[in-house]
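Coordinate analysis (summary)
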Amino acid sequence: MKRLAALLLMVLGLATAAPLLAQGEQSTAPYAYRQLDDPAKEEKAQALMETLRCLQCQGQSIADSDAPIAGSMRSLVRERIEAGEDPEAIRSWLMERYGDYVSYAPRITGLTWPLFAVPAVLLLLAFLLLRRLFTGSAKPGEGA
Amino acid sequence: MSDMSSETGSPKPRRWAIWLPLVLFLGFVALVLVGMLRPADRNVASALVGKPMPQFNLPPALPGRPGLDSKVLANGKPHLVNIFASWCVPCRVEAPQLGALAKAGVPIEGISVRDSTEALQGFLDQNGDPYQRIGADDDGQVQLALGSSGVPETYVIDGKGKIVYQHIGEIRPDQLGLILDKLKEAGL
């Protein structure tokens, strides 16, 4: 009977311990869960945090994510904004370390320019084709 | 409409053109299939590989043991910098491999991320302690400075303090050779 009770306790203990283990430690960085005192600066920080990717819960911004590393990143952003650093300088500091992937704000580079060029090219192409079609049909006798 | 446009086009009817939409569509399907069937690489590699290690100076993670100043990494000998934590399960998996590397004479420096002294001491008692120095990165700021996005990660640093290689995830037994090769590349 005592053995059974001990086993039960152990199972209970394991069940409660496992999620804690998986989560890791919460970020203890000073500004992970605290806003800046100056609302204008906090607004600046918030705008930047919404366009930075959490490296753990990829697809979430660091403003949305509750992953510990996102907390560390929020604190980094807020501390640097508080120190008067330009938001775009903070973004490029992070991009120097994590590459373009960390930023949600698209940039035109040697690799990404077709993304911006293709819609313009398609529009131009459509315009040219349709113009030929419309002007062609407007002239009597050229059609059927 | 279609009659009209074909007649206003070039005099010879281009027969192959009728297949063009199908070919484009099949090409698109192939692209989607490749994207779906190839497992995505979710690792975010540090862009600092090949560049000098950022400067930092971390306080000791354990009382009576040295902390980690990035200056010691440029002492002419290659180093391993292991980013780990007591709460990280894969770190337990790689502990024997780090132990083997330490035994082989590789200097291993530790950065413990978001950890507490007691938990860290318990982790080292259980899994062995291959570290020469352990710096406490309680706020995770040095981890960000290194371009590391998770634990464990291991950086191979050459004698001049340049990052030669970043190993993302635990070092598995079959990857010991890879790490040793990278260390040799770094001048071990």
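Predicted, not measured: the structure shown is a model, and the values here were computed from it. (Residues numbered from 1 in each chain as written. Chains lettered and ligands numbered in written order. Predicted model: local features only at pLDDT ≥ 70, side-chain atom pairs only at ≥ 80, totals over all residues.)

1. Some thoughts on the overall build of chain B
The criterion, for reference: Strands are runs of DSSP state E lasting at least two residues, helices are runs of H or I lasting at least four, and both sets are numbered from the N terminus onward. For the radius of gyration, the atom set is restricted to C-alpha positions; the globular benchmark scales as 2.2 Å times the number of residues to the power 0.38. The contact rule is simple: place each C-beta atom from the backbone, and if two of them lie within 7 Å, those residues are in contact.
Across its full length, chain B holds 6 helices and 7 strands. Reading chain B from its N terminus to its C terminus gives the helix and strand order α-α-β-β-β-α-β-α-β-α-β-β-α. A globule of 188 residues ought to have a C-alpha radius of gyration of about 16 Å, yet chain B, at 26 Å, is considerably larger. Principal-axis analysis of the C-alpha atoms gives chain B an extent of 90 × 35 × 30 Å. Restricting the contact set of chain B to residue pairs at least 6 apart, pairs at least 24 apart contribute 75%.

2. Notes on the environment of Gly122 of chain B
With respect to the element layout, Gly122 of chain B can be found in helix H4 (residues 117-127). On a C-alpha basis, the gap between Gly122 of chain B and Ser86 of chain B in space is 8.0 Å, while along the polypeptide they are 36 residues apart.

3. Quick look at the domain arrangement of chain B
Keep this limit in mind: Where a domain begins and ends is set by an automatic assignment or by a domain database.
Domain boundaries in chain B define domain 1 (2-37) and domain 2 (57-185). Just the C-alpha atoms count here: the centres of domain 1 of chain B and domain 2 of chain B sit 56 Å apart.

4. Things to note about the domain arrangement of chain A
Domain parsing of chain A yields domain 1 (24-104) and domain 2 (107-135). For domain 1 of chain A versus domain 2 of chain A, the distance between C-alpha centres works out to 36 Å.

5. Concerning the UniProt feature "transmembrane region" (unreviewed entry) in chain B
Heads up, the condition is: UniProt positions are given in the numbering used here, feature names are shortened, and annotations may be inferred rather than shown by experiment.
Those residues carrying the UniProt feature "transmembrane region" (unreviewed entry) are residues 16-37 of chain B in this numbering. As annotated, residues 16-37 of chain B comprises 82% helix and 0% strand, and the C-alpha atoms at either end are separated by 31 Å.

6. Some remarks on the nonpolar core
Put simply, the rule is: Working definition: the nonpolar core is a set of buried Ala, Val, Leu, Ile, Met, Phe, Trp, Tyr and Cys residues, joined through C-beta atoms within 7 Å. Partly exposed residues are those whose C-beta has more than 12 but fewer than 20 other C-beta atoms within 10 Å; with 20 or more the residue is buried, with 12 or fewer it is exposed, and the C-beta atoms are placed from the backbone.
Among the nonpolar cores identified, the biggest contains 37 residues, and Ala85, Ile111, Val151 and Ile157 of chain B are the most heavily contacted of them. Setting aside chain neighbours within four positions, we find Ile157 of chain B in contact with Met53, Leu73, Pro78, His79, Val81, Lys162, Ile163, Val164 and Ala186 of chain B. Counting residues in each nonpolar core, the second largest holds 20 residues, with Leu48, Ala67, Val77 and Ile90 of chain A among its members.

7. Side note on unusual backbone geometry
All names here are of chain B. At the junction of Val151 and Pro152, the peptide bond is cis and its omega measures out at -10° in the coordinates. Within the fold, Pro152 resides in the loop between helix H5 (141-145) and strand S6 (153-157). With a phi angle near 45°, Arg114 is a residue other than glycine that sits in the positive phi range. Here Arg114 shows up in the loop between strand S4 (108-113) and H4.

8. Side note on the packing of helix H2 (residues 39-49) of chain A against helix H3 (residues 68-82) of chain A
Residues and elements named next belong to chain A. We apply this condition: Only the stretch in contact is used when fitting a helix axis, every axis being a line fitted to C-alpha atoms; angles between N-to-C directions are given from 0 to 180 degrees. Angles are sorted into four bins: roughly parallel if under 35 degrees, roughly antiparallel if over 145, roughly perpendicular if 65 to 115, and oblique for all others. Helix crossings get a hand from a simple test, with the near helix turned counterclockwise from the far one by less than a right angle marking a left-handed crossing and a clockwise turn marking a right-handed one. Classification used: nonpolar for Ala, Val, Leu, Ile, Met, Phe, Trp, Tyr, Cys and Pro, charged for Asp, Glu, Lys and Arg, polar for all others including Gly.
Look at H2 against H3: their axes get within 9 Å of each other, and the N-to-C directions meet at 140°. As far as their axial angle goes, H3 and H2 are oblique. Read as a crossing pair, H2 and H3 show a hand that is right-handed. Each of Lys41, Lys44, Ala45, Leu48 and Met49 in H2 lies in contact with H3, whose residues at this interface are Arg74, Val77, Arg78, Ile81 and Glu82. Taken together, the residues of the contact of H2 with H3 sort by class into 5 nonpolar, no polar and 5 charged.

9. What about the confidence of the model for chain B?
All names here are of chain B. Selection criterion: The predictor rates its confidence in each residue with pLDDT, a number between 0 and 100.
Taken residue by residue, chain B gives an average pLDDT of 91. The fraction at 70 or more is 93%. A low-confidence stretch, residues 1-7 stays under pLDDT 50, and its non-local contacts, those more than four residues away or across chains, total 6 contacts. Reported for the predicted complex are a pTM of 0.77 and an ipTM of 0.80.

10. Brief notes about the sheet that holds strand S5 (residues 133-137) of chain B
Residue and element names in this part refer to chain B. The condition is simple: Note: two strands are recorded as paired if DSSP finds a minimum of 2 bridges between them.
Strand order across the open sheet formed by 5 strands is S5-S4-S3-S6-S7, with mixed pairing between neighbours. Either end of the sheet is taken by a strand with one partner, and the two such strands are S5 and strand S7 (163-168). For this sheet the average axis-to-axis angle between neighbouring strands, irrespective of direction, equals 20°. As paired elements, strand S3 (residues 79-84) and S6 share 5 bridges and run antiparallel to each other.

11. Some points on the pairing of S4 of chain B
Residue and element names in this part refer to chain B. This is how the line gets drawn: Handedness is read with the strands pointing away from the viewer; a crossover is right-handed when the path from the first strand over the helix to the second is clockwise.
Among the 6 residues that make up S4, 5 are buried, leaving the element largely enclosed by the rest of the structure. Bridge count for S3 against S4 is 5 bridges, and the pairing is parallel. Each bridged residue has a counterpart across the sheet, and for Ile83 the counterpart in S4 is Ile111. Assessed by its sense of winding, the connection that carries the chain from S3 through helix H3 (residues 89-103) to S4 is right-handed. Strand direction decides the pairing type here: S4 and S5, joined by 5 bridges, are parallel. Counterpart to Gly110 in the pairing with S5 is Ile134.

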